[in-house]
Amino acid sequence: MKRTYNKTMLGLFALSFTCVLTSSLVWGMGSRVPAVGTTAEDFRLVDLDGKSQSLSQYRGKVVLVNFWATWCKPCTTEMPAMQATYDKLRENGFVVLAVNELEDDAKVREHIKQHGHTFPVLMDRDNKVANQFGVFGLPVSVFIDEKGVVREYIKGGLLTEQVILDTVARIQKPEMMKAASLQ
Amino acid sequence: MKMKRSTLPFAIGLIAALCVWPVVRTAEAACGSVTCFVVIGSQQQVPQAGLLTFNTIYNYTPMRLLDGTNGVIPAIDQANRRLILDHHQEVRTITQTVNFDLNYGITDRLGIQVTIPYLWRTHKHIDGLGEEGENGAGELVPFRDNGIGDMTITAKYNVLPTLRSMIVAGFGVQVPTGSTSARDAAGELMESPTQLGRGNVGLIGSVYQTYELIPHRLNQFFYGSYRHTFRNNDGYQFGDEYNLNLGANGIPLERAPWLILTGQFSWRYLVHDNISASLERSRVPSDGGFPGETILLDPAILDRRVPNTGSTYFAFSPGFQVSLDGLIDSPLTRMTSVYFYSQIPIMRDSNNNLAQGISYIFGVTRSFQLLKS
């Protein structure tokens, strides 16, 4: 009986040890959602034309970084709203960076052409930027202000034209007020 | 692109080969009774925050004797704390189970799962070898029972959340909600292993891992679990159970992303059961007075390993899943899929007991977004 008990305890100990060890090893590998109010980590990706683009080059503008894929229905559903607001606000310091996850250039290009999207589409081929922004489900939208600070982090296909307009207005308002007070 | 072209046929072949992986959860003892278990993915993963995934899984698991075995095994008389060697001869067990499985994402990384099984079990064995019947051949005794089995409550944590991969660690508690007092056709208390419940708490540790080999086209998965059940009030303790599963899911046709082929290999190892009982054996012709009362070998109530329990099982399970959401545009099919698997044994060591035959699993999964994340 004692031997059986010892075996059981040994088994339980081995299991616990393996779980703790595995958890510790992979803990650092998982993606982390950036906290609102912190500076977004810079990234550099190639767009569909093969040009390299970075987040930092849009400093001074409100940036909507949208993580998406063509197979993701909620992603493609919210893209027309992104296009509409991009068309309306691009002259007023707003840019959309649509970061595609793990798909072929040809497939993405076809989708973009078919839907007439004109915002920059960046290719996250090795999933690095998604991990950097704690993305493990699509779509995810991150609003980053003119100073490069994360202001909104939205999971799921919740973007509408009104949501984007309101969010951008909310982010730009303090800057506009500040500019007005200086004048 | 070149690489992808050459990889795809191989990938599809691999998927077809690996097509479903059921794991088998067994409660085998003097009289064997196994419930087939399949790794479905939506059960093992942590759903996103606020998402409730409801699985209803039916499985049909027959058990018969293997060629070259006679199925003569000990009898468990837990009511009188007796272990009687060579007293039963197994014929057949069929277990049908419907698992109601609720899986809820408390946060994006932490989930809770509740599994409620409902079982129908029929079992046939010859009871009283050397004691009853003509020339001590025993008597055929059928057994039938149905009801709720042992519920399992599992806490799961996604320790590696990325778009391509996931590692989920789980810790479950099996609650003894299943009956342990069913009687056979002769009115005798049925043996512990054939009862619907195990009679005491069980602890289950598990790890689920998945990685997208070809994003949104082919993913590999692994599942491993360990169960320990404590001794019940009848003095019976089910042996520890180890499960390992390796498989893959794939979308064979890009134009039909609603069809997923899946395959899995599963390996299960069951440690011998144990009972606190005295030891007896059936009478044989050379004993004299045959057929007749059993012969007492050791009257002391001790923890004894139950012979003919414990088994090793290796199987391959092909299957497919159809996402109704992608096939039919209707509120009724939203976030809903159906699946079918069969589990084909490759290697079985059943220890002269009943062995699991080809099993079938059918299920429906539907998710409900209860809270917006």
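Residues numbered from 1 in each chain as written. Chains lettered and ligands numbered in written order. Predicted model: local features only at pLDDT ≥ 70, side-chain atom pairs only at ≥ 80, totals over all residues.

Next up on the list: the overall build of chain A. Across its full length, chain A carries five helices and seven strands. For chain A, the succession of helices and strands along the chain, N to C, is α-β-β-β-α-β-α-β-α-β-β-α. Expressed as a percentage of the 183 residues in chain A, the buried residues total 27%. A fraction of 73% describes how many contacts in chain A between residues 6 or more apart in sequence connect residues 24 or more apart. (Helix = DSSP H or I, 4+ residues; strand = E, 2+ residues; numbered from the N terminus. Buried ≥ 20, exposed ≤ 12 C-beta atoms within 10 Å, placed from the backbone. Contact = placed C-beta atoms within 7 Å.)

It is worth spelling out the overall build of chain B at this point. Scanning chain B from terminus to terminus reveals two helices and 20 strands. In chain B, which comprises 373 residues, the share counted as buried stands at 50%. In chain B, once contacts between residues fewer than 6 apart in sequence are set aside, the share between residues at least 24 apart is 69%.

The next subject is the confidence of the model for chain B. Averaged over chain B, the pLDDT score is 87; the fraction of residues at 70 or greater is 90%. Below pLDDT 50 for its whole length, residues 1–32 of chain B participates in 122 contacts with residues either more than four positions away or in separate chains. (pLDDT = per-residue confidence, 0-100.)

With that settled, the discussion passes to the sheet that holds strand 3 (residues 62–68) of chain A. Residues and elements named next belong to chain A. Ordered in space as 2-1-5-4-3-6-7, the seven strands form an open sheet in which the pairing is mixed. The open sheet has two free edges, formed respectively by strand 2 (52–54) and strand 7 (150–155), since each of these has just one partner strand. Pairwise comparison of adjacent strand axes, ignoring direction, gives a mean angle of 30° for this sheet. In this structure, strand 4 (residues 94–101) lies alongside strand 5 (residues 121–124), joined through four bridges in parallel fashion. Counterpart to V99 in the pairing with strand 5 is L122. (Pairing = 2+ DSSP bridges. Axes fitted to C-alpha atoms, helices over the stretch in contact; angles between N-to-C directions.)

All names here are of chain B. Side-chain alternation along strand 3 (residues 51–64) places L51, T53, N55, I57, N59, T61 and M63 on a buried face and L52, F54, T56, Y58, Y60, P62 and R64 on a face that remains uncovered. Relative to strand 20 (residues 359–369), strand 3 runs antiparallel, the two being bridged by ten bridges. In the sheet register, Y60 faces strand 20, and the bridge partner there is Y360. As defined by bridge partners, strand 3 adjoins strand 19 (residues 355–356) across two bridges and the pair is classed as antiparallel. Counted as the bridge partner of R64 is A355 from strand 19.

Moving on to unusual backbone geometry. Of all residues except glycine, most have a negative phi; of all peptide bonds, most are trans. Cis rather than trans, the peptide bond between L138(A) and P139(A) has omega equal to -5°. You can see P139(A) is positioned in the loop between helix 4 (128–132) and strand 6 (140–144). Residue P291(B) is reached from F290(B) by a cis peptide bond, and omega for that bond is -10°. Here P291(B) is to be found in the loop between strand 15 (274–281) and strand 16 (295–305). Non-glycine residue R81(B) carries a positive phi angle of around 50°. Mapped onto the secondary structure, R81(B) falls in the loop between strand 4 (72–77) and strand 5 (82–105). A count of 16 C-beta atoms within 10 Å places R81(B) in the partly exposed class. Positive phi values are uncommon outside glycine, yet H216(B) reaches one of about 60°. Structurally, H216(B) can be placed in the loop between strand 10 (202–214) and strand 11 (218–229).

Moving on: helix 2 (residues 73–89) of chain A. Residue and element names in this part refer to chain A. The end-to-end C-alpha separation of helix 2 is 25 Å, in line with the 24 Å expected for 17 residues at 1.5 Å each. Of all the bends in helix 2, the greatest, near 30°, is centred on M79, and the proline P80 appears no more than four residues after it. Listed in full, the buried residues belonging to helix 2 are C75, E78, M79, M82, T85 and L89. (Expected span 1.5 Å × (residues − 1). Bend = angle between axes of the 7 residues up to and from the residue.)

Residue and element names in this part refer to chain B. Turning to its location among the elements, Y236 is positioned in strand 12 (residues 236–237). The class of Y236 is buried, set by 27 C-beta atoms lying within 10 Å. In this structure the C-alpha to C-alpha distance between Y236 and S367, which are 131 residues apart in sequence, comes to 39 Å. Contact partners of Y236, with chain neighbours within four places excluded, come to I76, Q78, S192, G199, R231, D273 and I275.

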